[in-house]
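Residue-level structure breakdown
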Amino acid sequence: TWWTGARKRAGLEDVRFHDLRHTFASWWRAAGDHDAHMRNSMGHLTPAMSDRYAHLDATGIIAEMERLGGIRNRA
């Protein structure tokens with residue numbers, strides 16, 4: 001299939017097409033757009049299903065922790 005060929009050419013043989021849905025949801029949430037729009041776009045009926053797809057991005061957490069650390073140091 002076209003997907004198998006594309007994966008092999010990209011050197012990503014362990015990536016499944018379904019993994020792209022998880023990436024899409026994670027990037028959508030990281031961008032800060034409204035979760036209801038993501039849910040509608042992906043066809044999810046419940047916020048819980050969207051939560052299963054949108055994995056937490058540690059980059060945002062690290063930046064927030066650094067910001068809070070700076071506030072604590074100024075106090």
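Residues numbered from 1 in each chain as written. Predicted model: local features only at pLDDT ≥ 70, side-chain atom pairs only at ≥ 80, totals over all residues. Heavy atoms only, no water.

Attention shifts here to the confidence of the model for the protein chain. Model confidence for the protein chain is summarised by a mean pLDDT of 82, while 85% of its residues fall at 70 or above. Of all secondary-structure elements in the protein chain, the lowest mean pLDDT belongs to helix α5 (residues 58–74), at 69, while helix α1 (residues 2–10) reaches the highest, 91. (pLDDT = per-residue confidence, 0-100. Helix = DSSP H or I, 4+ residues; strand = E, 2+ residues; numbered from the N terminus.)

Here we come to the side chain of Ser 26. Residue position: Ser 26 is located in helix α2 (residues 19–30). Residue class for Ser 26 comes out buried when judged on its relative accessible area of 13%. If sequence neighbours within four positions are ignored, Ser 26 has contacts with Tyr 53, Ala 54 and His 55. (Buried < 20%, exposed > 50% of the residue type's maximum accessible area, 1.4 Å probe, protein only. Contact = heavy atoms within 4.5 Å.)

Turning to the environment of Arg 21, a few remarks are in order. Considering the arrangement of structural elements, one finds Arg 21 in helix α2. In this structure, the C-alpha to C-alpha distance between Arg 21 and Ala 54, residues 33 residues apart in sequence, is 8.8 Å. Beyond its immediate sequence surroundings of up to four residues, Arg 21 is in contact with Met 42, His 44 and Tyr 53.

This part covers the nonpolar core. Counting six residues, the largest nonpolar core is built from Ala 25, Trp 28, Met 38, Met 42, Tyr 53 and Ala 54. Counting residues per element, the ones that place at least two in this core are α2 and α3 (35–42). (Core = buried A, V, L, I, M, F, W, Y, C linked by side-chain atoms within 4.5 Å.)

Pairs can form between side chains of opposite charge once their charged atoms are near each other. Following the criterion strictly, the structure yields three salt bridges and no others. Here Asp 35 makes a salt bridge to Arg 29, at a shortest N to O gap of 3.0 Å. Asp 35 gets classed as partly exposed once you look at its relative accessible area, which sits at 28%. Arg 29 sits in the partly exposed class, given a relative accessible area of 27%. Between Asp 51 and Arg 29 there is a salt bridge, and its shortest N-O distance comes to 2.8 Å. Residue Asp 51 is found in helix α4 (residues 47–53), and its partner Arg 29 is found in helix α2; the two are separated by 22 residues along the sequence. A relative accessible area of 44% places Asp 51 in the partly exposed class. Each of Arg 29, Asp 35 and Asp 51 takes part in one network of salt bridges that share partners. (Salt bridge = Lys/Arg side-chain N within 4 Å of Asp/Glu carboxyl O.)

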